[in-house]
Amino acid sequence: MVQISLKNVSKVYRNGAKAVDQVSLEIKNKEFLVLVGPSGCGKSTTLRMIAGLEEIPSGDIWIGDRRVNDVPAKDRNIAMVFQNYALYPHMTVFENMAFGLKLRKLPKVEIFRRVHEAAEILGIKKYLDRRPREISGGEQQRVALGRAIVRKPAVFLFDEPLSNLDAKLRVQMRTEIHKLRLRLQTTFIYVTHDQIEAMTLGDRIAVMKDGRILQCDDPIQTYDRPVNKFVASFIGSPPINFMEGRVIKKERKYYFDEGKFHVKIVEEMYSKISAYEGQEVIFGVRAEDIYDKLVVSQATPDNTIQATCEVVEPIGSEVFVYLNTGRHNFIARVGAHDRPQINRDMELVLDMSKVHFFDKKTENRII
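Residues numbered from 1 in each chain as written. Predicted model: local features only at pLDDT ≥ 70, side-chain atom pairs only at ≥ 80, totals over all residues. Heavy atoms only, no water.

(A) Spatial organisation of the pattern of salt bridges. Applying the stated criterion across every chain yields a total of 21 salt bridges. Of the charged contacts, one joins E31 and R204 as a salt bridge, the two residues approaching to 2.4 Å between their closest N and O atoms. Placement of E31 in the loop between β2 (18-27) and β3 (32-36) and of R204 in strand β9 (residues 204-209) is noted, with a sequence separation of 173 residues between them. Under the relative-accessibility criterion, R204 is labelled buried at 18%. The closest approach of N and O atoms between R333 and E318, which form a salt bridge, is 3.5 Å. In this pair, R333 is assigned in strand β18 (residues 329-335) and E318 in strand β17 (residues 318-324), connecting sequence segments 15 residues apart. (Salt bridge = Lys/Arg side-chain N within 4 Å of Asp/Glu carboxyl O. Helix = DSSP H or I, 4+ residues; strand = E, 2+ residues; numbered from the N terminus. Buried < 20%, exposed > 50% of the residue type's maximum accessible area, 1.4 Å probe, protein only.)

Shown next, in the form of structure tokens:
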């Protein structure tokens, strides 16, 4: 059982920049945890402190029952896969994968067995005699994975391993990493700025900003119940639509008044939204929860709005429609055959059971 614990870990650089700020996190044995956030949010620094590649000036990191703050990287029983593969260009694939085992002075027979076993798992046996320049970027990434696998570590650390690959290879390698995790049954910590990678790979995702973890939860919960406006905007593609407006009450019913339209808030939200009566709030609705009135039967005056279609963006299986209410721009996702005309007004239906409200001052979730 290898559980990783971070307790109030911080990292401040000499120039005063705070890379990591009081991060506490429990990573379970055999869990796949993803650290996700924009560039500079502290996710890679956090990973490097776990790996032993960065000093830990404040707080504690535990791997299992051992505090590792002062334990060298080579003694932490972890393996790290980097963004740039970090392969030795003058060595063959076999030699790259075997290098760490040779340093540990394992018998040649054991080295041969481990390398061939990993190469079989990753489908790169036919490349063992080639050098890195003689194989593709995706194959080089598999070699980097293989070099980590042969060590049989307790924990795998990945620092944006797919960012140098093209879109098709990224999808393929995501699948391979998922299969690898199921086969190896060990702990994975994965850093990325790509929220699609985070959503598809992680058992839990930790969303970071300015060195802090804002939310750590399973992907669906993070998507459906973001704790604040930043998490809501960062998780999801296309990004969630935000509109500012006021909560009003008419005839014992609550409405969101955007200025150009108003829609009825569902009764299940009344207990929390009532405290904001008469106040401005931030309204959030995702593109897939907006429908063309012509293709749905649930339209009522309480959930229908009007907007002008400005851009139509077909992407194959679906269409993104860029709209304007007169006060706000927003995006709707419609079916591939439901292609509206540009510069024409549309009537749209909002699924009010799935919308979000955020406090305008704190940007924290209301409901």
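(B) Just the sheet that holds strand β13 (residues 262-264), in detail. Strand order across the open sheet formed by 5 strands is β13-β12-β11-β14-β20, with antiparallel pairing between neighbours. Both edges of this open sheet fall to β13 and β20 (356-359), since each of them pairs with a single strand only. Averaged over all neighbouring strand pairs, the angle between strand axes comes to 40°, with direction disregarded. Pairing between strand β11 (residues 241-250) and strand β12 (residues 253-257): 5 bridges, direction antiparallel. (Pairing = 2+ DSSP bridges. Axes fitted to C-alpha atoms, helices over the stretch in contact; angles between N-to-C directions.)

(C) Structural context of the nonpolar core. Judged by nonpolar contacts, the single largest core of 46 residues is most densely connected at M97, L145, Y190 and I235. The element contributing the most residues to this core is helix α3 (residues 108-122), with 6 residues. With residues near it in sequence (within four places) discarded, M97 still touches V115, A118, A119, I124, L128, V143, G146, R147 and V150. (Core = buried A, V, L, I, M, F, W, Y, C linked by side-chain atoms within 4.5 Å. Contact = heavy atoms within 4.5 Å.)

(D) Molecular detail of unusual backbone geometry. Put simply, S237 and P238 share a cis peptide bond, and its omega is 0°. Note that P238 resides in the loop between α8 (229-234) and β11. With a phi angle near 60°, N77 is a residue other than glycine that sits in the positive phi range. On the basis of relative accessible area, N77 is assigned to the partly exposed category, the value being 39%. Here D210, not a glycine, exhibits a phi torsion of approximately 50°, which is positive. Here D210 shows up in the loop between β9 and β10 (212-217). Accessibility expressed as a relative area gives 57% for D210, which makes it exposed.

(E) α3, seen in detail. Compared with the 21 Å implied by 1.5 Å per residue over 15 residues, the 21 Å span of α3 between its first and last C-alpha is a close match. Among the residues of α3, those classed as buried are I111, R114, V115, A118, A119, I121 and L122. Along the axis of α3, the buried residues cluster in a sector spanning 160°; they form a single face. Those residues of α3 that are exposed and aimed more than 90 degrees away from the buried face are V109 and E120. Elements in contact with the buried residues of α3: α2 (93-103), α4 (137-149) and α5 (167-184). Phi for G123, located one or two positions after α3, is positive at around 70°. (Expected span 1.5 Å × (residues − 1). Arc of directions from axis to C-beta.)

(F) Expanded view of the side chain of T46. Structurally, T46 is set in helix α1 (residues 43-51). Owing to a relative accessible area of 2%, T46 belongs among the buried residues under this scheme. Within the structure, the side chain of T46 is placed 2.8 Å from the backbone oxygen of G42, a separation counted as a polar contact. In this structure T46 touches L6, V20, L35 and M208, once residues within four positions along its chain are discounted. (Polar contact = N/O pair within 3.5 Å; in protein donor to acceptor, adjacent residues only side chain to side chain.)

(G) Representation of the packing of α2 against α3. Across the interface, α2 lies against α3 with an axial gap of 10 Å and an inter-helix angle of 135°. Taken together, the axes of α2 and α3 are oblique relative to one another. Considering the relative orientation of α2 and α3, their crossing is right-handed. Contacts from F94, M97, A98, L101 and K102 of α2 reach α3 at I111, F112, R114, V115, H116, A118 and A119. (Parallel < 35°, antiparallel > 145°, perpendicular 65-115°, else oblique. Left-handed = near helix turned anticlockwise from the far one by under 90°.)

(H) The sheet that holds strand β16 (residues 304-314), seen in detail. An order of β15-β19-β16-β17-β18 is seen for the 5 strands of this open sheet, with the pairing classed as antiparallel. What marks the edges here is a single partner per strand, and that holds for β15 (290-292) and β18. With strand direction ignored, the average angle separating the axes of adjacent strands in the sheet is 50°. Two strands pair when backbone bridges link them, and β15 and strand β19 (residues 345-350) are joined in this way by 3 bridges, in the antiparallel orientation. Across the sheet, Y291 pairs through a bridge with V349, a residue of β19.

(I) Up close: the environment of R142. Examined against the element boundaries, R142 turns out to sit in helix α4. Each C-alpha atom, one on R142 and one on Q195, is 22 Å from the other, the two residues being 53 residues apart in sequence. Each residue touching R142, except ones within four places of it in the same chain, is listed here: L122, I124, Q172, M173 and E176.

(J) Structural view of α5. The terminal C-alpha atoms of α5, which comprises 18 residues, lie 26 Å apart, in line with the 26 Å expected from a rise of 1.5 Å per residue. Turning to α5, its buried residues number three or more, namely M173, R174, I177, L180 and R181. The buried side chains of α5 occupy one side of the element, clustering within an arc of 130° when seen end-on. Along α5, exposed side chains directed more than 90 degrees from the buried face belong to K168, K179 and R183. Contacts from the buried residues of α5 go to β3, α3, α4, β8 (187-192) and α6 (195-201). Following α5 by one or two positions, Q185 has its phi on the positive side, about 50°.

Functional significance is not addressed by these values, which are geometric in nature.
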